[in-house]
Amino acid sequence: ELSNTNLLIVHWLAPVSTPHLRSMESFISAVEQVEQSNPTLTPLALVRALRRIAGHDDPLTVHYLGASNRHPVLSATLDQAILNASSFSFFDKAVHHIVTDQGEERGVVLAPDGTTVALAPLLLGIEAGLRGGASGVAAFGVFPLTLGRSLGLSFLSLQDFSADLRLGPGGCWDSVEQPRVFRLSRTPTLATDALINGGMDGAILGTALGNLSRAAPPPPPTRLSATLRGYYGYVLSEDRGLEELRGHASAKRRQSSRSLLEPLDPERQVMETLVMVWKLEKTEWIALDDGVEVSVKEGLKAFTHMYWDCPPIISRCQWGAEVIRGTHSPLSPPLPYLYIHHTYQPSTPCLSFPACSRDMRAMQRFHQDERGWKDIGYSFVVGSDGYVYEGRGWHNRGAHTRDRNTVGYGVAIIGNYISTLPSRYSMDLLRHRLVQCAVDGGRLAVNYTLLGHRQVVNTSCPGDAFYSEISTWDRFGK
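As the structure is a computational prediction, the values presented were derived from the model and not from experiment.

Counting secondary structure elements, the protein contains 17 helices and 12 strands. Considering the protein as a whole, with its 478 residues, one finds that 53% of them fall into the buried category. Considering only contacts within the protein whose residues lie at least 6 apart along the sequence, 73% involve residues at least 24 apart. Looking at the protein as shown, the accessible area adds up to about 20,700 Å², and 52% of this sits on carbon and sulfur atoms.

Okay, structure coming up:
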């Protein structure tokens, strides 16, 4: 006999009128329409139905979450209901993850913060959390379903490659205003940046929802759309930056996922996931020998550096950079100096991906059109939205510090810091995350010297207040 919740799943699969943009907001809006038409539909029933639509009933998922539809009568009714529904087409394309032979990654969406997220591991993590909470036990299978499987299989499938090439890559959208096609920058692994972003988000939200559901007394269930919008749709202001933001937010996924998962011994978790995959799927190419443990250890070392130690960096194509006018001159890292700047103009800190991207494009236009430079001058630029923006990057000589561009990187924080300081979060992003990433990655010398722009050029940059601050930082040069 069918439950009321199961019957509601059939009812909501009416056509959904949603623009076919591959953005997180479009996906959340589609979910919201489903919820509004069925107010009693639980979040768990909804994510389970989305899993069924996307066909994610592989052995590992079923082991942890059960079949997405356990009732044969409901299965037939559900199939009949969705065959001609536009909602089926939209959700299937939105959630089902594949990479085409042409390098297009599907089943991913552009989040408001400028990052690209795969929906499948996100929703699997949420389902695992809700299912665990509903049963009154700890969320079961969150790590294997969100990150463990993709990381482990990626480490093993490319054992002849260096560890850093067994992860990623990222890519570029055809348009960040109207995103429809996402193309990867190189040959994909089984753990693209979007899958890792979605996995981290799924682990964070799944664990949080599981803990919330087990509270005594448990609070009323939060709609799936509200959970997603709270995590991805936060709004920052000058009075409420990321350091003041309560709760989880996508811009903090790296710190949040690290604090959550690192104490759980990721190496052991990945090894246990691979054993489970081998037992359930009889995957012949997984040979559980000593070489597997070495591959997992090397792979997790690269993962920790790339996705936990290093800050999130918005690529040039994401912020809409124009092409370089001429050719880049290569650097020879590791470099001995790091030069700190403020942008002065733009003078106001940027608090969102659209605002920071506009500032990056404005600075590039000024540097190219007014100063006659080939590109934006800085190596990297730090926003107050929680992200670092790629300028000329690690490998190309900048135009940031006269007569010093061959021996150091130039990093600016957007804003005028003559009398005020950047946000603590943005300064920590530069001081601790970007610098450590550069040292560990062999781009910045271990014994590097940090200098303010004014120490080597006749300028007030990086502003009196900010200069006073950096004079207290490690490796500041007198």
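This part takes up the nonpolar core. Counting 50 residues, the largest nonpolar core has Leu338, Tyr389, Leu430, Leu444, Leu450 and Phe466 as its most contacted members. Secondary-structure elements contributing two or more residues to this core are strand 8 (335–342), helix 15 (353–370), strand 9 (380–382), strand 10 (388–390), strand 11 (408–413), helix 16 (424–440), strand 12 (444–452) and helix 17 (464–470). With nine residues, the top contributor of residues to this core is helix 16. One finds Val34, Ala45, Ile53 and Val95 within the second-largest nonpolar core, a separate group that totals 33 residues.

For the rest of this paragraph, the subject is the state of the cysteines. Put plainly, two cysteines are in a disulfide when a covalent bond ties their sulfur atoms together. Overall, the coordinates contain three disulfides when judged by the stated rule. In this model, Cys350 is linked to Cys356 through a disulfide, with the two sulfur atoms separated by 2.0 Å. As the torsion about the S-S bond is roughly 95°, the Cys350-Cys356 disulfide counts as right-handed. On the basis of relative accessible area, Cys350 is assigned to the buried category, the value being 3%. Judged by its relative accessible area of 0%, Cys356 falls in the buried class. When the bonded cysteines of the protein are numbered from the N-terminus onward, they pair as 1-3, 2-6, 4-5.

This part takes up the pairing of strand 11. Burial within strand 11 is extensive, with six of its six residues counted as buried. Residues of strand 11 alternate between two faces, with Gly408, Gly410 and Ala412 on one and Tyr409, Val411 and Ile413 on the opposite face, all of them buried. Sheet analysis places strand 8 next to strand 11, joined by six bridges and oriented parallel. In the sheet register, His341 faces strand 11, and the bridge partner there is Ala412. In the sheet, strand 9 pairs with strand 11 via three bridges, with the strands oriented parallel.

Right, let's talk about the pattern of salt bridges for a bit. A full pass over the atoms with the stated rule returns 19 salt bridges. One salt bridge in this structure joins Arg166 and Glu298, with 3.3 Å as the shortest N-O distance. A residue pair is termed long-range when its members are at least 10 positions apart, and Arg166 in the loop between helix 8 (142–157) and strand 5 (171–173) and Glu298 in helix 13 (residues 290–309) qualify at 132 residues. By relative accessible area, Arg166 is classed as buried at 3%. Under the relative-accessibility criterion, Glu298 is labelled partly exposed at 39%. For Glu272, the salt bridge is made with Arg268, and the minimal N-O distance between the two is 3.0 Å. Taken as a pair, Glu272 and Arg268 lie in helix 12 (residues 266–281) at a separation of four residues, close to a single helical turn.

In this section: a negative patch on the surface. Judged by side-chain charge, Glu238, Asp239, Glu243 and Glu244 come together as a negatively charged surface patch. Positionally, Glu243 belongs in the loop between helix 10 (224–232) and helix 11 (253–261).

Before going further, it helps to spend a moment on the sheet that holds strand 9. Judged by pairing direction, the sheet is mixed, and its six strands sit side by side in the order 7-10-9-11-8-12 without closing on themselves. If you trace the sheet from one side to the other, it starts and ends with strand 7 (313–314) and strand 12, each paired once. The strands touched by helix 15 within the sheet are strand 7, strand 9 and strand 10, with strand 10 carrying the most contacts at an inclination of about 40°. Along the sheet, helix 16 makes contact with strand 8, strand 9, strand 10, strand 11 and strand 12, crossing strand 12 at roughly 150°.

The terminal C-alpha atoms of helix 3 (residues 43–54) lie 17 Å apart, and with 12 residues this matches the ideal 16 Å at 1.5 Å per residue to within 8%. Taking burial as the measure, the 12 residues of helix 3 include 11 buried ones, the bulk of the element. Positive phi appears at Gly55, one or two residues downstream of helix 3, with a value of about 75°.

Procedures and definitions
Residues numbered from 1 in each chain as written. Predicted model: local features only at pLDDT ≥ 70, side-chain atom pairs only at ≥ 80, totals over all residues. Heavy atoms only, no water. Helix = DSSP H or I, 4+ residues; strand = E, 2+ residues; numbered from the N terminus. Buried < 20%, exposed > 50% of the residue type's maximum accessible area, 1.4 Å probe, protein only. Contact = heavy atoms within 4.5 Å. Areas by Shrake-Rupley, 256 points an atom, 1.4 Å probe, with all protein chains shown as cover. Core = buried A, V, L, I, M, F, W, Y, C linked by side-chain atoms within 4.5 Å. Disulfide = S-S within 2.5 Å. Pairing = 2+ DSSP bridges. Salt bridge = Lys/Arg side-chain N within 4 Å of Asp/Glu carboxyl O. Patch = residues over 30% accessible without salt bridge, like charges linked within 9 Å, V, L, I, M, F, W, Y side chains within 5 Å. Lys, Arg positive; Asp, Glu negative; His and termini not counted. Charge placed at Lys NZ, Arg CZ, Asp CG, Glu CD. Axes fitted to C-alpha atoms, helices over the stretch in contact; angles between N-to-C directions. Expected span 1.5 Å × (residues − 1).

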